[in-house]
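# Chains, contacts and geometry: an overview
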Amino acid sequence: AAIDFIEQLDSENRFEDTVVFSQQVIKGAPGKVYPYYKMSIALEALGRIDEAVEGYEKIKILFSDFPPAYFRLQGIYKYDKGDISKAKDELNAFRDTLAKVDPQVQKEIQSSIIQESFLLGSYYLNISRQMDKAIKEFSMILKLSPEKLEVKYNLATSYANKGIIEKNKDVYRKGLELLEE
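The present account deals with the structure reproduced in this document. (Residues numbered from 1 in each chain as written. Predicted model: local features only at pLDDT ≥ 70, side-chain atom pairs only at ≥ 80, totals over all residues. Heavy atoms only, no water.)

### Describing a positive patch on the surface
A surface patch of positive charge is lined by Lys78, Arg95, Lys143 and Lys167. Tracing the backbone through its elements, the reader meets Lys143 in helix α8 (residues 131-144). Residue classification places Lys143 among the partly exposed positions, given a relative accessible area of 36%. (Patch = residues over 30% accessible without salt bridge, like charges linked within 9 Å, V, L, I, M, F, W, Y side chains within 5 Å. Areas by Shrake-Rupley, 256 points an atom, 1.4 Å probe, with all protein chains shown as cover. Salt bridge = Lys/Arg side-chain N within 4 Å of Asp/Glu carboxyl O. Lys, Arg positive; Asp, Glu negative; His and termini not counted. Charge placed at Lys NZ, Arg CZ, Asp CG, Glu CD. Helix = DSSP H or I, 4+ residues; strand = E, 2+ residues; numbered from the N terminus. Buried < 20%, exposed > 50% of the residue type's maximum accessible area, 1.4 Å probe, protein only.)

Written as structure tokens, this is what we have:
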């Protein structure tokens, strides 16, 4: 029931409430990864990047075989902190942890990551109007699934809203090429 409530708060973009309730759940049941993960994503959405990094790092310590934490960290290091070396390290760690599970579980994990990033990206694009964050989320999805047309459209729209027309045209062009295949 607690996990469902965290999911509900998150789906309603109630990020501060997600953090508070996740912290309460963690105190009562510290052996579950999901509250740590949702809390870290919410912290990231609130722009509390250093706290989000702490949360993801805690996940890596407690649940080292949880690929989404590594994936989120690579995005933070690349897009928020500009540390390409650390981003590559986290991406490699993501790939390594993902490779340890069977192919069906890999697909489920990737699907979950894509859905989470898409919801965040859509929130940034359509509600909070934070185009840099929207670009980050949609770009991260395309690392896992470059054929996602809706993601390309939202990425192109984010670039257009930011006034980066050449990038906008390039992303639209790539999307059209996919349609022609």
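### Things to note about the environment of Lys58
Structurally, the position occupied by Lys58 is in helix α4 (residues 49-62). Once the C-alpha coordinates of Lys58 and Thr18 are considered, the two residues, 40 residues apart in sequence, prove to be 17 Å apart.

### Overview of helix α5 (residues 67-80)
With 14 residues, α5 extends 20 Å from end C-alpha to end C-alpha; this agrees with the ideal 20 Å at 1.5 Å per step. α5 sits mainly inside the fold: 11 of its 14 residues count as buried. All buried positions along α5 are accounted for by Pro67, Pro68, Ala69, Tyr70, Phe71, Arg72, Leu73, Gln74, Gly75, Ile76 and Tyr77. Phi turns positive, to about 65 degrees, at Gly82, one or two residues after α5. (Expected span 1.5 Å × (residues − 1).)

### Section: the environment of Ile113
Residue placement: Ile113 occurs in helix α7 (residues 103-128). Given a relative accessible area of 2%, Ile113 falls into the buried group. Taking the C-alpha atoms as reference points, Ile113 and Pro146, separated by 33 residues in sequence, lie 14 Å from one another. Excluding residues that lie within four positions of it along the chain, Ile113 makes contacts with Pro68, Phe71, Phe94 and Leu144. (Contact = heavy atoms within 4.5 Å.)

### Here's the deal with helix α9 (residues 149-162)
Taking 1.5 Å of rise per residue, the 14 residues of α9 would be expected to cover 20 Å, and the 20 Å separating its terminal C-alpha atoms lies within 8% of that figure. Those residues of α9 lying buried are Val151, Lys152, Asn154, Leu155, Ala156, Thr157, Ser158 and Tyr159. Where α9 ends, the next residue or the one after it, Gly163, has phi of about 85 degrees, a positive value.

### What about the pattern of salt bridges?
Overall, the coordinates contain 15 salt bridges when judged by the stated rule. For the salt bridge of Lys38 with Glu116, the shortest nitrogen-to-oxygen distance reads 2.5 Å. Of this pair, Lys38 sits in helix α3 (residues 33-45) while Glu116 sits in helix α7, and the two are 78 residues apart along the sequence. Taking relative accessible area as the criterion, Glu116 reaches 9% and is therefore assigned buried. Notably, a salt bridge pairs Lys162 with Asp132, separated by 2.7 Å at the nearest N-O pair.

### Structural notes on the packing of aromatic side chains
Going through the model one piece at a time under the given rule, you end up with eight aromatic pairs. Ring plane angle 75 degrees and centroid distance 5.2 Å describe the contact between Tyr37 and Phe66, whose orientation is recorded as edge-to-face. Residue Tyr37 is located in helix α3, and its partner Phe66 is located in the loop between α4 and α5; the two are separated by 29 residues in the primary sequence. Given a relative accessible area of 5%, Tyr37 falls into the buried group. Aromatic rings pair up to connect Phe15, Tyr123 and Tyr124 into one cluster. (Phe/Tyr/Trp six-rings, centres within 6.5 Å; stacked < 30°, edge-to-face > 60°.)

### Description of the environment of Gln115
Locating Gln115 in the fold gives a position in helix α7. On the accessibility criterion, Gln115 (51% relative accessible area) is exposed. Gln115 sits 26 residues away from Ile141 along the chain, and the two C-alpha atoms are 8.7 Å apart.

### Let's talk about the side chain of Lys136
If you trace the backbone, Lys136 turns up in helix α8. For Lys136, a relative accessible area of 4% puts it in the buried group.

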